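For reference, the chains in residue letters:
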Amino acid sequence: MPDAKGPDQIFQGALTKGEILLPKCEDCGAYHFFPRVLCPHCHGAAISWKQATGKGRVHTTTVVRRKPEWGGDYNVCVVELDEGVRMMSRVEGIAPGEVAIDMAVTAFVGEAEGAPAVLFKPSEG
Amino acid sequence: MTAELRGKSAIVGTGHAGFGEAHGLTAYDVMAQSALAALGDAGLNLSDVDGLFCTMMEDSMPALMAAEYLGIQPRFIDGTMSGGSSFVNYLTSATMALDAGLCDVALIVYGSNQRTASGRLVTASRPPAYEAPYNPRYPISAYAMAAARHMHEYGTTREQLADVAVAARAWAHHNPEAFERGPLTREDVLGARMVGDPLTVRDCCLVTDGGGAIVLVRADRARDFPKAPVYVLGSAAESSHRQISQMKEFTVTAARDSGARAFAAAGVTAADIQAIELYDAFTINTILFLEDLGFCAKGEGGAFVEGGRIAPGGVLPVNTNGGGLSCVHPGMYGIFTVIEAARQIRGDAPGIQLKDVDLALAHGNGGVLSSQVTAILGSQNTL
Ligand SMILES: [Zn+2]
């Protein structure tokens, strides 16, 4: 099947349409991330794709210090989504040093390194 | 390694080369000089080596490259690459290979010209696809996020992190082989350039050139060499992840498992250890490994290292050569934990020599807190 898509292509393909899909195991019901052909929890190979809630919390965070002439400081963090999976990302819309552990954040599809990527902003309310 | 292999192999030679800046030399040149130094220490020649244990930063087939460079044709090689822990891990495979008769003289060797080549981390490893787009600075962003989480969960302070670097420098001050020996205060560390919050450049290991080598033989002939043998009493590894975003608990490393199994194999406990050599790529490492190896309770590592408690004259001698923070850090530091532990037991440590050391611990870390390997070394008295 020349048009068959692997897990990486499914995830990246959804991002190009502005959607965040997460792989979910049909056997044990757990989500995982990054995308794979098997479930890292129970090792089942029946994987389905679900729309992410986009809700999560900052699990840990750092500021990468960079000279202003090279673009200045930026945030790198690891977010835990409500689905129970973690991903590296950054929180935009606030200063990199204002990003705090346990902060509630919401995912959106933005751009990183010239390609669509999951980014986060502080949740409202 | 299980208890069955306790004391089956011994270190009979250690050596190093190119510490600091090895101008004009390639990484393989430094590797080869280190090999010659260790074999000279053991009274052996390269032609005696039939087991080679080696990995390098710049190639995907480093053991083959090293064997070719050295002009040897080993009948056993191990080039397993788990990052800086690889060289502690080779103690297990070398002991197994020696015990099984697959080789008779095992050479563990490493070299790097990281500092003079570029001053940056030279690496053949690719950034993980799902992390690379966010431009984490490897490896510091990973360790910074572990430190941030430790501070959040346990109230560990930047001052406590700084005291790890201060203690390392205090040991290095007495070590003529160490690269950074000048005075360093807590205020110096805190006031240094921030590179990845909460870590300043003084919370980070050095970037130096350097190489190290270790020669091991079966225990039954270990007393036939010039230097007192140092026995491998236990060694164990545990691997938990590759990417920092996949680390389950940022404040608990797999050293908890590697340490427990190494202690069990050696038949000793943390309280018995007289010299502790930990892979301190960043100040948070020392705190995490002291906790996970059982020298203090989880969460108490910050208080444990505070105010010179792991410095010379403190309660526990940790990183007695100055560690990766102040002695040497050529891309991967793991082999130097073993070398310093062995020298403390032999009584020929280059800096402060502790009194009557029979038991020492070497702990290697690889990747981004990913691979943890613990080894317990002992003198003849511990057999
Ligand atoms: Zn499953």
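Model, not experiment: these values are computed from the prediction.

Below, the discussion takes up the coordination of the zinc ion. Residues and elements named next belong to chain A. Donor atoms from the polypeptide that coordinate the zinc ion comprise Cys25 (SG), Cys28 (SG), Cys39 (SG) and Cys42 (SG), at 2.3 to 2.4 Å from the metal. Coordination at the zinc ion comes from four donor atoms whose angles at the metal span 100 to 115 degrees, giving a geometry best classed as tetrahedral. On the primary sequence, the residues serving as donors to the zinc ion are separated as C-x2-C-x10-C-x2-C. Among the residues examined, Cys42 registers a relative accessible area of 35% and is labelled partly exposed.

The next point concerns the packing of aromatic side chains. Any pair of aromatic rings gets described here by the distance separating the centres and the angle formed by the planes. Residues and elements named next belong to chain B. On inspection of all chains with the given rule, the structure shows twelve aromatic pairs over all chains. With a centroid separation of 5.7 Å and 35 degrees between ring planes, the pair formed by Phe53 and Phe76 is classed as tilted. Of this pair, Phe53 sits in strand β2 (residues 51-54) while Phe76 sits in strand β3 (residues 76-78), and the two are 23 residues apart along the sequence. Taking relative accessible area as the criterion, Phe76 reaches 22% and is therefore assigned partly exposed. A connected cluster of aromatic rings, assembled from ring pairs, spans Phe53, Phe76, Phe87, Tyr90 and Tyr110. Between Arg309 and the ring centre of Phe304, over which it is positioned, the NZ or CZ distance is 5.1 Å.

UniProt feature "domain: Thiolase C-terminal" (unreviewed entry): in the numbering of this structure it lies at residues 237-378 of chain B. End-to-end, the C-alpha atoms of residues 237-378 of chain B are 19 Å apart, and along that stretch the chain is 31% helix and 16% strand.

What follows covers the pairing of strand β7 (residues 115-122) of chain A. Residues and elements named next belong to chain A. Bridge count for strand β6 (residues 104-112) against β7 is eight bridges, and the pairing is antiparallel. Along β7, the bridge assignment pairs Glu111 with Pro116. Between β6 and β7, which pair antiparallel in sequence order, lie two residues; one of them, Glu113, sits at a positive phi of approximately 55 degrees.

Turning our attention to the domain arrangement of chain B. Residues and elements named next belong to chain B. When the domains of chain B are assigned, the result is domain 1 (3-119 + 209-232) and domain 2 (137-199 + 234-378). Here the C-alpha centre of domain 2 lies 22 Å away from the C-alpha centre of domain 1. With 43 residues of domain 1 at the interface, the matching set in domain 2 holds 38 residues. A buried area of about 2,900 Å², summed over both sides, lies between domain 1 and domain 2, and 69% of it is on carbon and sulfur atoms. Per-residue buried area on domain 1 facing domain 2 is highest for Phe19, Val88 and Val230; these three make up 20% of the total on that side. Taken together, the links from domain 1 to domain 2 amount to two salt bridges. Here Asp348 and Lys227 are joined by a salt bridge, their closest N and O atoms 4.0 Å apart. Joining domain 1 to domain 2, the criterion identifies twelve residue pairs in polar contact (both at pLDDT 80 or more).

Reading the values: rules and limits
Residues numbered from 1 in each chain as written. Chains lettered and ligands numbered in written order. Predicted model: local features only at pLDDT ≥ 70, side-chain atom pairs only at ≥ 80, totals over all residues. Heavy atoms only, no water. Donors = N, O, S within 2.8 Å, 3.2 Å for Na, K, Ca; no water. Tetrahedral: all angles 85-135°; square planar, octahedral: opposite > 155°, others 65-115°. Buried < 20%, exposed > 50% of the residue type's maximum accessible area, 1.4 Å probe, protein only. Phe/Tyr/Trp six-rings, centres within 6.5 Å; stacked < 30°, edge-to-face > 60°. Helix = DSSP H or I, 4+ residues; strand = E, 2+ residues; numbered from the N terminus. Lys NZ or Arg CZ within 6 Å of the ring centre and 35° of its normal. UniProt positions renumbered as here; feature names shortened; annotations may be inferred. Pairing = 2+ DSSP bridges. Domains from an automatic or database assignment. Contact = heavy atoms within 4.5 Å. Buried area = accessible area lost by both parts, 1.4 Å probe. Salt bridge = Lys/Arg side-chain N within 4 Å of Asp/Glu carboxyl O. Polar contact = N/O pair within 3.5 Å; in protein donor to acceptor, adjacent residues only side chain to side chain.

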